[in-house]
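Each chain, letter by letter, is given below.
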Amino acid sequence: MNELSDLAFFSVLVKQGSLAAVARELGVTPPAVTKRLANLEQRLGVRLLNRTTRTMSVTHEGEIYLAEGARILSEIEELERTVSRSRAVPKGLLRINASFGFGRKHIVPAVSDFIAKYPEIEVQLQLSDRPVNLIDQAYDVGIRIGEMPDARIIARKIASNRRLLCAAPAYIKRHGQPSVPRDLQKQQCIVLRENDAAYGSWHLHRGKRQESIKVRGALSSNDGEATLAWALAGHGILMRSQWDVAAYLRSGRLVEVLADWSLPPSDIYAVYPERLNLSAKVTAFVDFMSARFASHLSELGDSW
């Protein structure tokens, strides 16, 4: 019983309801329990229990000690679970969901490297055109891009991601470089029909100034790779993630448009159904992706 903390001891005592019951629970004599309680009350300088030969009730100070003690014990248990998970060997089936475009380009090669590092993990990767319900379809983790629509979802940001406006040099040569957001209304804009976002509305800001522009053009698609191909072919101005266009900006196949204006970020998140008791395989995957994206982000750089 010496290894049992005072908080845990008192919690067991209140739960059992009698000194004799606690003695049986802990495998000690009733006098030992009485002495432990007396020492605890003496150390705290307050009475925690009102007791007679027949009844036992918790005092006001005892209620406070019990309530705060339960919270502290819960935090200690979670800390110990976290430490234990760090020692656990990641293994078993890991089910992942991601979008088609980002999944093919970034998650597929990442998973290849991940299972090489953790050979006891088996991965099932499901790519979809829109986010799925992780709980209903029994996924362990999902990769999402952009703001989380549901504040209740548990998400860990694993990489920053800017949206940019860009076009092929040939297009800019023919149509001119826009100087202010409203100039986009006179341009051919390639629109990505994505999720349930407002179609063809681009939101830009610079400092405290914000502008929402309704754009239009001859080409639109629900596939990001298709819109990128059209932009590279010189058909118009495209809004895309820096993860998708950084290489083309560096090579000069695309140039940035309205570079002094910013668009809503499109950060990358790992999402999962519950925060507590994350398995070692989920923790390993999320940590792996965070480290991988951090190194790739440094390669992208902030300038082109």
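Reading the values: rules and limits
Residues numbered from 1 in each chain as written. Predicted model: local features only at pLDDT ≥ 70, side-chain atom pairs only at ≥ 80, totals over all residues. Heavy atoms only, no water. UniProt positions renumbered as here; feature names shortened; annotations may be inferred. Axes fitted to C-alpha atoms, helices over the stretch in contact; angles between N-to-C directions. Helix = DSSP H or I, 4+ residues; strand = E, 2+ residues; numbered from the N terminus. Parallel < 35°, antiparallel > 145°, perpendicular 65-115°, else oblique. Contact = heavy atoms within 4.5 Å. Nonpolar A, V, L, I, M, F, W, Y, C, P; charged D, E, K, R; others polar. Pairing = 2+ DSSP bridges. Buried < 20%, exposed > 50% of the residue type's maximum accessible area, 1.4 Å probe, protein only. Polar contact = N/O pair within 3.5 Å; in protein donor to acceptor, adjacent residues only side chain to side chain. Core = buried A, V, L, I, M, F, W, Y, C linked by side-chain atoms within 4.5 Å. Phe/Tyr/Trp six-rings, centres within 6.5 Å; stacked < 30°, edge-to-face > 60°. Lys NZ or Arg CZ within 6 Å of the ring centre and 35° of its normal.

Going by the annotation in an unreviewed UniProt entry, the name recorded for the protein chain is LysR family transcriptional regulator, with Herminiimonas contaminans given as the source organism. Turning to the protein chain, the UniProt record has this under Sequence similarities (unreviewed entry): "Belongs to the LysR transcriptional regulatory family."

Glancing now at the packing of helix H2 (residues 19-26) against helix H3 (residues 30-44). Viewed as axis vectors pointing N to C, H2 and H3 meet at an angle of 110°, and their least axial separation amounts to 8 Å. With respect to H3, the element H2 is oriented roughly perpendicular. Contact residues: H2 offers Leu-19, Val-22 and Ala-23, while H3 offers Pro-30, Val-33, Thr-34 and Leu-37. Of the residues in the contact of H2 with H3, the class split is 6 nonpolar, 1 polar and no charged.

Right, let's talk about the sheet that holds strand S4 (residues 121-128) for a bit. Adjacent strands of a sheet pair through backbone hydrogen bonds, lying either parallel or antiparallel. The sheet built from 5 strands is open, its strands ordered S4-S3-S5-S14-S6 with mixed pairing. Looking along the sheet, the strands with just one partner apiece sit at the ends: S4 and strand S6 (154-159). The mean inter-strand angle of the sheet, taken between neighbouring strand axes irrespective of direction, is 25°. Two strands pair when backbone bridges link them, and strand S3 (residues 92-99) and strand S5 (residues 141-145) are joined in this way by 2 bridges, in the parallel orientation. Each residue of the ladder has a partner; that of Ile-96, found in S5, is Val-141.

With that settled, consider the side chain of Glu-41. Looking at the secondary structure, you find Glu-41 in helix H3. Judged by its relative accessible area of 10%, Glu-41 falls in the buried class. Among the polar contacts made by the side chain of Glu-41, one reaches the main-chain amide nitrogen of Leu-49 at a distance of 3.3 Å. Here Glu-41 is in contact with Val-46, Arg-47, Leu-48, Leu-49 and Arg-51, once residues within four sequence places are set aside.

This part covers the nonpolar core. Judged by nonpolar contacts, the single largest core of 28 residues is most densely connected at Ile-143, Phe-285 and Phe-293. Elements with a contribution of two residues or more to this core: S3, helix H5 (100-117), S4, S5, S6, strand S14 (268-272) and helix H9 (280-300). In contact with Phe-293, not counting residues within four places along its chain, are Phe-102, Ile-107, Ile-158, Ala-159, Trp-243 and Ile-268.

Here we come to the sheet that holds strand S11 (residues 220-221). Pairing is mixed across the open sheet formed by 5 strands, whose spatial order is S11-S8-S12-S7-S13. What marks the edges here is a single partner per strand, and that holds for S11 and strand S13 (255-257). Relative to strand S8 (residues 189-192), helix H7 (residues 224-232) is tilted by about 170°, and along the sheet it contacts S8, S11 and strand S12 (237-241). The sheet strands contacting helix H8 (residues 242-251) are strand S7 (163-167), S12 and S13, and the helix crosses S12 at an angle near 120°.

This part covers the packing of aromatic side chains. Counted under the stated rule, the structure contains 7 aromatic pairs. Taking 5.9 Å as the distance between ring centres and 85° as the angle between the ring planes, the aromatic pair formed by Phe-102 and Phe-293 counts as edge-to-face. In this pair, Phe-102 is assigned in helix H5 and Phe-293 in helix H9, connecting sequence segments 191 residues apart. As far as the burial class goes, Phe-102 and Phe-293 line up, both buried. Between Arg-36 and the ring centre of Phe-9, over which it is positioned, the NZ or CZ distance is 5.0 Å.

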